[in-house]
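Given next are the chains, with one letter for each unit.
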Amino acid sequence: MGKSWRSLKIVAGLFFTIPLTQFFGANTSAQAADTVVVRFGLFAESISVTELRKAAETGKFPTGLEVFTQNLSEQQRRFFLGALRMGLPINVVTINRLLNTQIGTTILNDISTAIVRKDKAGVQALRAGLVLGSTAPQGLSVLSFIAAYPSQRLEINLPQAFMVAGSLNTAFWRTQQFMLTIAPQLDPRKPQISFPFDPSQPGSAQVQILQLNLNDQKRQRKIPVDIYWSTAATFNKPVIVYSHGMGSNRTDLRYLAEHLASHGYVFAALEHPGSNGTSTDLAIQGKTRFLQPQEFLDRPKDISFVLDELEKLNQTGNNPLQGKLATNNTMVIGYSFGGGTALAIAGAELQPKHLKQRCKNNLSVLSLGETIQCVAQELPEDSYQLRDPRIKQAIALSPTTSLMFGKTGLTKVQIPTLVLASSADKSTPALTEQVVAFDKIPSPKWLVGILGGTHLSVKDPTTTLDQVGQPNTPFSGGEIVGEQATDIRKFLKAIALAFAAQMTPEAKNYAIFLTPDYAQFASTATFPFRIITQIPPDAIAVVKEFAGKE
């Protein structure tokens, strides 16, 4: 999700650098002030920091680690060496603040179980090494952490390190197991019908952008909005409002905004000031917190405020959108954290009470999306209802749902809802964040599956340029973006247009594009697509089996 989103991922991934490095050949964790000791039962191997630095420079493993590295794959070897070289753009103020949060402390407790210390001060030592390591001239890295670790040697319990590393982002790995199990039920079949036109093609109207800088004085929030529109816009078509992801901005889905606007829809892309790229950049500089609990409530309220302002604009003379903004007939689109926002304003009830127990410990197993949701546990009330009745349909793209809505919050969604899930999504794993959520949402509903898609695949190519060369870890990296994801974006343009059209007199003409047949027709060899309106009965048991594993 752009530069800032990547920075947030790096910060979150920082907590897991140690176990990951431990996983690959002392594996990445070969580290210590002077020496790293990798222990396996009665056996132990030592390696000096000097040798590790040499490995980072030469790309060759130290001889002392051959017993651990000889069976690594080429990909694992590259990961190990890349981790040694990688620096994180985090200053000492930011890292200190992060590590002293409740979530940071819990994660350090989990990771410290793989560190052998007679004084039982593993958490304090990890925290000190990370804070002091971030003051190095080159910034925080595996090597600067080792050099700053408060001991002459860093001793790692390899079996425990494997257990820690093996549990990282368990929701993602459960999704992969689930996909393998359910694969026979997803076999492609040739559609037996023809399609009247191609909804992925742009409309004939020329798109224009009206930029607004709104100010909610009551909540002291300045909200920029880009309104995509064309002369084809009419009051008979819904207004579409977009909510972006955590640490991102309103241009996330610019290509989709332009596509829908070319077909006569007014698309308002707003920016949430407490969770956009600017806010995250300030957090990385240590000037603010990454995410305030209040943001879970303010985001839906941002959308309601923007609709209020659009209604005023609709009644204002001498502006091109006068009489064209059907704000009482609005469709919301949300991506990632914004997908959770979209579901909240569609009627899903926030249930922080559930979070207080789930986020209490063992946070190292959570995905990034789950970790973000844990912030809501600090909200004072047990539940919150933020529905806006002007929202008549919702599209949630890779939404966060598994924790923030508790066990019953999603059952209170009251409008037609489309949920998109990508099978290789590490940030918001499909099984726990979308498939289980979809099963709870009342009909009418649609689940769109992108087999092989990743978390960032739906984003505008101009916002994912920073993904080139990113290391592939259990939490991030390996993203399918840009030109590689062209087919995915094309498919999203088609189904989003078809879904919006269900709120217009053209509904019947577009309904065919929300069917399993169209998904099969649009599928490619690289990305098979699926659309269902309910989880097949024989798959429900599989969903519950995998989703129930904590």
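**A closer look at the sheet that holds strand S14 (residues 445-450)**
Hydrogen bonds along the backbone pair up the strands of a sheet, which may run parallel or antiparallel.
Here is step 1: Across the sheet, nine strands lie side by side as S7-S8-S10-S9-S11-S12-S13-S14-S15; this open sheet has mixed pairing. Each edge of the open sheet carries a strand with a single partner, namely strand S7 (208-216) and strand S15 (529-532). Taking each pair of neighbouring strands and ignoring which way they run, the sheet shows an average axis angle of 20°.
Here is step 2: Of the strand pairs in this sheet, strand S13 (residues 417-422) and S14 are connected by six bridges, and their pairing is parallel. In the sheet register, Leu-420 faces S14, and the bridge partner there is Val-448.
Here is step 3: Strands strand S9 (238-243), strand S11 (326-335), strand S12 (391-397) and S13 of the sheet are contacted by helix H15 (residues 337-345), whose axis makes an angle of about 145° with S11.
Here is step 4: Sitting on the sheet, helix H19 (residues 486-501) is in contact with S9, S11, S12, S13, S14 and S15, with an inclination near 165° to S12.

**Details of the pairing of S9**
If a strand is regular, its side chains alternate between the two faces of the sheet.
Here is step 1: Most of S9 is tucked away: six of the six residues are buried.
Here is step 2: The alternating pattern of S9 places Pro-238, Ile-240 and Tyr-242 and Val-239, Val-241 and Ser-243 on opposite faces, both of which are buried.
Here is step 3: Summarising the sheet, S9 and strand S10 (residues 266-270) pair through four bridges and their orientation is parallel. Among the inter-strand pairings, Val-241 is bridged to a residue of S10, identified as Ala-268.
Here is step 4: Taking the sense of rotation as the criterion, the β-α-β connection linking S9, helix H12 (residues 254-262) and S10 turns out right-handed.

**Examining the packing of helix H14 (residues 295-314) against H15**
Here is step 1: For the pair H14 and H15, interaxial distance at closest approach is 9 Å and the crossing angle is 70°. Overall, the two elements H14 and H15 adopt an arrangement that is roughly perpendicular. Seen along the crossing, H14 lies across H15 with a hand that is right-handed. Counting all contacts with H14, which are made through Phe-296, Arg-299, Pro-300, Ile-303 and Ser-304, the residues of H15 involved are Phe-337, Gly-338, Thr-341, Ala-344 and Ile-345.

**Quick word on H12**
Here is step 1: Across the nine residues that make up H12, a large majority, seven, are buried.
Here is step 2: The set of residues buried in H12 consists of Tyr-255, Leu-256, Ala-257, His-259, Leu-260, Ala-261 and Ser-262.
Here is step 3: Each element contacted by the buried residues of H12 is listed here: strand S8 (221-229), S9, S10, S11 and H19.
Here is step 4: A positive backbone phi angle near 100° is found at Gly-264, which sits one or two residues after H12.

**Considering unusual backbone geometry**
Here is step 1: Residue Pro-444 follows Ser-443 across a cis peptide bond; omega there is 5°.
Here is step 2: Of note, Pro-444 is situated in the loop between helix H18 (430-440) and S14.
Here is step 3: At Asn-318, a position not held by glycine, the phi torsion is positive, near 60°.
Here is step 4: By secondary structure assignment, the location of Asn-318 is in the loop between H14 and S11.
Here is step 5: Among the residues examined, Asn-318 registers a relative accessible area of 86% and is labelled exposed.
Here is step 6: For Ser-336, which is not a glycine, the phi torsion comes out positive at approximately 60°.
Here is step 7: Locating Ser-336 in the fold gives a position in the loop between S11 and H15.
Here is step 8: Residue class for Ser-336 comes out buried when judged on its relative accessible area of 2%.

Definitions and limits used
The numbers attached to residues start from 1 for each chain and follow its sequence in the written order. Reporting of local features is limited, given that this is a predicted model, to residues whose pLDDT is at least 70; pairs of side-chain atoms are given and counted only at 80 or more, and all residues count toward the totals for whole chains, interfaces and linings. Hydrogens and water molecules were not included; the side-chain quantities draw on all heavy atoms of the structure. Pairing between strands is defined by DSSP: at least two bridges between the two strands are required. Helical segments are the DSSP runs of H or I of at least four residues, strand segments are the runs of E of at least two, and each set is numbered from the N terminus. As a rule, the C-alpha atoms of each element are fitted with a line to give its axis, helices using only the stretch in contact, and angles between N-to-C directions run from 0 to 180 degrees. Whether two residues are in contact is decided by their heavy atoms, any of which lying within 4.5 Å being enough. The cut-offs for exposure are 20% and 50% of the maximum accessible area for each residue type, with area from a 1.4 Å probe on protein chains only; residues under the lower value are buried, those over the upper are exposed, and the others partly exposed. When the strands point away from the viewer and the connection leading from the first strand across the helix to the second strand turns clockwise, the crossover is called right-handed. Angles are sorted into four bins: roughly parallel if under 35 degrees, roughly antiparallel if over 145, roughly perpendicular if 65 to 115, and oblique for all others. By the definition used in this description, the sense in which the near helix is turned from the far one sets the handedness, with an anticlockwise turn below a right angle giving left-handed and a clockwise turn giving right-handed.

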